[in-house]
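Structural characterization, general
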Amino acid sequence: MADNATKGIVEIRCETWLDFLTEVEKRRSTRGAFYRGHREACWRTESTLLRETRRHLLHSHPDWNDQQLGNVLQRKETSNGGKVMQSYASHFEEREGTELTDRRLFMMGRHQGLLTPFVDWTRSPFIAAFFGAVEVVELLEQNSGRDFAILQVSSWLFPFELDNRTCDNEQLKRHALQVNAAYFGNQRGIAQRGVATYLHPQTDIESFVLEVAAESDTYDQALLKFIIPHSRSEDALNNLHRMNINYVTLFPDPYGLAKQANLNLYMHLEGMGNWMKPPGFETLMPANDNG
């Protein structure tokens, strides 16, 4: 195990699943924390709406540098969010016959694939670990030589307000909020102990943490990144399954049942059934029972 620290962000290298369990217990937050799993440790932590807006801009302007992209990205993300919400809300109201706030609609739509300005987290490091590891196995990337990651961010950063400067040196007040998934009755969110964070103007979580840490030593370790080799992903899933953390419990609907059944193609998890009759089955159920 080894640590790599920048003010605000600490990376903790865990060579085994047991290393991760040890580090989580050792670094348990007394302030409160949110957790998130990434299939690739190098991924930045940002909303689906911001990521998709960036992708579209770079597709339309492949010659843009980071500054040119930064000058447009936040404004374009806000515009795209309005378009997505207007369309989603109108169809939702037609189907359900009720009108909801934008925050509630975004929270409900997030688990259905809607592009939103929210970033999903969980209050459990082990649920986050499941989401970090499971796609590694589903994509057969256990031998990739790369890593997955579990992020732990201080919940004290949400809500938060921060005065800063934009890339073109204009004054900026960044707002950070949290939304409790359970409050809105989202069954998947409840099962996953879900919470969402929202930044305005939008940026990735890593950049936000660095902004805050630059202003105060209180947040010099606001974001921890536990980095684990892809080769340990099956160890993680087997142990998490024994904790009753799997698709069935995290998605309490037919989707979860189907995903867990599919996962059995790649792993033989305890108690998930198989296609074979148990030994002696034939003696209990005679072929010709006329009684």
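Above this text is the structure in question.
Residues numbered from 1 in each chain as written. Predicted model: local features only at pLDDT ≥ 70, side-chain atom pairs only at ≥ 80, totals over all residues. Heavy atoms only, no water.

1. Let's talk about the overall build of the protein chain
The criterion, for reference: A run of DSSP states H or I qualifies as a helix once it reaches four residues; a run of E qualifies as a strand once it reaches two. Both are numbered from the N-terminal end. Note on classification: 1.4 Å probe, protein chains only; a residue is buried when its accessible area is under 20% of the maximum for its type, exposed when over 50%, partly exposed between these limits. Here, two residues are considered to be in contact whenever any of their heavy atoms come within 4.5 Å of each other. In these tables, accessible area is a Shrake-Rupley quantity obtained with a 1.4 Å probe, and a residue counts as shielded only by the protein chains included in the view.
Scanning the protein chain for helices and strands turns up 11 helices and nine strands. Relative to its full complement of 291 residues, the protein chain shows a buried share of 45%. Across the protein chain, the fraction of contacts at a sequence separation of at least 24, relative to all contacts at a separation of at least 6, is 72%. Here the protein chain has roughly 16100 Å² of accessible surface; of this, 50% comes from carbon and sulfur atoms.

2. A few points about the packing of helix α2 (residues 48–60) against helix α3 (residues 66–96)
Our working rule: Comment: axis = line fitted to C-alpha atoms, over the contacting stretch for helices; angle = value between 0 and 180 degrees taken between N-to-C directions. Roughly parallel refers to an angle under 35 degrees, roughly antiparallel to one over 145, roughly perpendicular to one between 65 and 115, and oblique to any angle outside these ranges. Left-handed describes a crossing whose near helix is turned anticlockwise from the far helix through less than a right angle; right-handed describes the clockwise counterpart. Each residue gets one of three labels, nonpolar for Ala, Val, Leu, Ile, Met, Phe, Trp, Tyr, Cys and Pro, charged for Asp, Glu, Lys and Arg, and polar for the others, Gly among them.
Their axes nearest at 9 Å, the elements α2 and α3 cross at an angle of 120°. With respect to each other, α2 and α3 are oriented oblique. The chirality of how α2 crosses α3 is right-handed. Here L49, L50, T53, R54, L57 and L58 of α2 come into contact with α3, specifically with L69, V72, L73, K76, E77, N80 and G81. Looking at side-chain class alone, the contact of α2 with α3 contains seven nonpolar, three polar and three charged residues.

3. So, the packing of aromatic side chains
How we decide: Only the six-membered ring of Trp is used, alongside the rings of Phe and Tyr, when aromatic pairs are assigned; centres must lie within 6.5 Å, and planes under 30 degrees apart are stacked while those over 60 apart are edge-to-face, with the rest tilted.
A full pass over the atoms with the stated rule returns 12 aromatic pairs. Members of the aromatic cluster, connected to one another through ring pairs, are F34, F158, F160, F208 and Y219.

4. Observations regarding the nonpolar core
Our working definition: Residues belong to a common nonpolar core when they are buried Ala, Val, Leu, Ile, Met, Phe, Trp, Tyr or Cys residues joined through side-chain atoms within 4.5 Å.
The biggest cluster of nonpolar side chains holds 31 residues, and the ones touching the most others in it are F20, F130, I150 and F226. Every element with two or more residues in this core is listed here: β2 (9–13), α1 (17–26), β3 (33–38), α5 (125–138), β5 (147–154), β9 (223–229), α8 (233–242) and α9 (247–250). Top contributing element to this core by residue count: α5, with eight residues. Sequence-distant contacts of F226, that is, excluding residues within four places in its chain, are made with I12, C14, F20, E23, V24, R27, F148, A149, I150 and Q152. Formed by 23 residues, the second largest nonpolar core is a distinct cluster that contains F34, F160, I205 and I227.

5. Remarks on the environment of S144
Let me state the cut-off plainly: A 3.5 Å cut-off defines polar contacts: any pair of N or O atoms within that distance qualifies, except that in protein one atom must be a possible hydrogen donor and the other a possible acceptor, and neighbouring residues in sequence count only when both atoms are side-chain atoms.
Tracing the sequence through the fold places S144 in the loop between α5 and β5. Exposure remark for S144: the relative accessible area of 28% places this residue in the partly exposed category. Each C-alpha atom of the pair S144 and H230 lies 6.8 Å from the other, and the pair is 86 residues apart in sequence. Separated by 3.0 Å, the side chain of S144 and the backbone nitrogen of R146 make a polar contact. Within the local environment of S144, its side chain forms a polar contact with the side chain of H230, the two groups lying 2.6 Å apart.

6. Some details on a nonpolar patch on the surface
Put simply, the rule reads: Patch definition: residues above 30% relative accessible area lacking any salt bridge, with like charges linked at up to 9 Å and the nonpolar side chains Val, Leu, Ile, Met, Phe, Trp and Tyr linked at up to 5 Å. Take a side-chain nitrogen of Lys or Arg and a carboxyl oxygen of Asp or Glu: if they are within 4 Å of each other, that pair is a salt bridge.
On the surface, a nonpolar cluster with roughly 350 Å² of combined accessible area is contributed by L140, L265 and Y266. Tracing the backbone shows L265 in the loop between α10 (254–263) and α11 (281–284). A relative accessible area of 69% places L265 in the exposed class.

7. Overview of unusual backbone geometry
With an omega dihedral of 5°, the bond running from F158 to P159 counts as a cis peptide bond. With phi around 55°, L140 is a residue other than glycine that occupies positive phi space. Considering the arrangement of structural elements, one finds L140 in the loop between α5 and β5. In the Ramachandran plot, N244 falls in the positive-phi region, its phi being about 70° despite a non-glycine side chain.

8. Let's talk about the pattern of salt bridges
Should their charged atoms come close, side chains of opposite charge can pair. Applying the stated criterion across every chain yields a total of 20 salt bridges. In this structure, D217 engages K7 in a salt bridge whose closest nitrogen and oxygen atoms are separated by 2.8 Å. Of this pair, D217 sits in the loop between α7 (205–215) and β9 while K7 sits in the loop between β1 (2–6) and β2, and the two are 210 residues apart along the sequence. Under the relative-accessibility criterion, D217 is labelled exposed at 58%. Across the pair R51 and E46 runs a salt bridge, and its minimum N-O distance is 4.0 Å.

9. Digging into the packing of α3 against helix α4 (residues 102–110)
At a closest axis distance of 11 Å, the pairing of α3 and α4 adopts a crossing angle of 85°. Our classification of the angle between α3 and α4 gives roughly perpendicular. Between α3 and α4, the contacting residues are G81, M85, Y88, A89 and F92 on the first element and D102, L105, F106, M108 and G109 on the second. Of the residues belonging to the contact of α3 with α4, the class tally is seven nonpolar, two polar and one charged.

10. Points about α1
Note the threshold: Think of the arc as the fan of directions from the helix axis to the C-beta atoms.
Taken as a whole, α1 has its buried residues at W17, D19, F20, E23 and V24. Mapping the buried residues of α1 onto a view down its axis gives an arc of 150°, with all of them on the same face. Opposite the buried face of α1, by more than 90 degrees, sit the exposed residues L18 and K26. Packing partners of the buried residues in α1 comprise β2, α5, β5, β9 and α8.

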